[in-house]
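Coordinates in review
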Amino acid sequence: MAGVSTGQLDRDMAPDMRARDRRLRVVEVGDARARLVVEHDLNGQSGKTTHTSVVRLASRAFELLEDTVDEDPCYLAVLAAISAVHCPDASPAEYARAALRAIRDTGSLR
């Protein structure tokens, strides 16, 4: 499912978990379920393994804190290119051209 990947870090937004600041790292993503490891839990046990549905993990029930795409060199190049053209009157075409140039420069698109 789009939006859920191995390595991402999420905060559990369930009402009983918010105060605990429970953060979970995705260690495996299957067709319907994901396996997670608790990295931080004020009233719980870090290192504990748990599971949840991939659909729930991609919903507002969890807040994405770290996405694995954030460290991809192509993503960073596209982000920098878009930031360079950003201004109040920038057009969608200017953003698209900047992104395409960055992708071509990184060799991700041929």
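Quick look at the structure, then.

When its secondary structure is counted, the protein chain shows 4 helices and 5 strands. Along the chain direction, N to C, the helices and strands of the protein chain fall in the order β-α-β-β-β-α-β-α-α. A globule of 110 residues ought to have a C-alpha radius of gyration of about 13 Å, yet the protein chain, at 18 Å, is considerably larger. Seen through its principal axes, the protein chain has C-alpha atoms that stretch 50 × 30 × 20 Å. For the protein chain, with 110 residues in total, the buried portion stands at 25%. Contacts in the protein chain between residues at least 24 apart in sequence constitute 36% of all its contacts with a sequence separation of at least 6. In the protein chain, 15 side chains carry a positive charge and 17 a negative one; their mean positions are 3 Å apart.

Considering all chains together, one arrives at 9 salt bridges under this definition. Put simply, Arg-11 and Glu-63 hold a salt bridge, and the shortest N to O gap is 2.8 Å. Of the two residues, Arg-11 sits in strand E1 (residues 9-12) while Glu-63 sits in strand E5 (residues 62-66), which places them 52 residues apart along the sequence. Judged by relative accessible area, which is 21%, Arg-11 ranks as partly exposed. For Glu-63, a relative accessible area of 33% gives the class partly exposed. The partner of Arg-25 in a salt bridge is Glu-39, and the shortest N-O contact between them spans 2.7 Å.

Another point: the sheet that holds E5. What the 5 strands build is an open sheet, ordered E4-E3-E2-E1-E5; its pairing is antiparallel. Each edge of the open sheet carries a strand with a single partner, namely strand E4 (49-53) and E5. Going from strand to strand, the sheet's axes swing by 40° on average, the running direction of each strand aside. Where strand E2 (residues 23-29) lies against strand E3 (residues 33-40), 6 bridges are found, and the strand directions are antiparallel. Bridge pairing links Val-29 to Ala-34 in E3.

Now for helix H3 (residues 73-85). An α-helical turn contains 3.6 residues, so any two residues separated by three or four positions project in the same direction. Its 13 residues give H3 an end-to-end C-alpha distance of 19 Å, which sits within 8% of 18 Å, the value for a rise of 1.5 Å per residue. Lining the buried residues of H3 we find helix H4 (92-106).

This brings us to the side chain of Asp-12. Note that Asp-12 resides in strand E1. Relative accessible area serves as the criterion here: at 5%, Asp-12 is assigned to the buried category. Only 3.0 Å separates the side chain of Asp-12 from the backbone nitrogen of Ala-14, close enough to count as a polar contact. If near-sequence neighbours (up to four positions away) are discounted, Asp-12 is found in contact with Met-17, Arg-18, Arg-22, Leu-24, Arg-56, Ala-61 and Phe-62.

So, how was this worked out
Residues numbered from 1 in each chain as written. Predicted model: local features only at pLDDT ≥ 70, side-chain atom pairs only at ≥ 80, totals over all residues. Heavy atoms only, no water. Helix = DSSP H or I, 4+ residues; strand = E, 2+ residues; numbered from the N terminus. Rg over C-alpha atoms; globule rule 2.2 N^0.38 Å. Buried < 20%, exposed > 50% of the residue type's maximum accessible area, 1.4 Å probe, protein only. Contact = heavy atoms within 4.5 Å. Lys, Arg positive; Asp, Glu negative; His and termini not counted. Charge placed at Lys NZ, Arg CZ, Asp CG, Glu CD. Salt bridge = Lys/Arg side-chain N within 4 Å of Asp/Glu carboxyl O. Pairing = 2+ DSSP bridges. Axes fitted to C-alpha atoms, helices over the stretch in contact; angles between N-to-C directions. Expected span 1.5 Å × (residues − 1). Polar contact = N/O pair within 3.5 Å; in protein donor to acceptor, adjacent residues only side chain to side chain.

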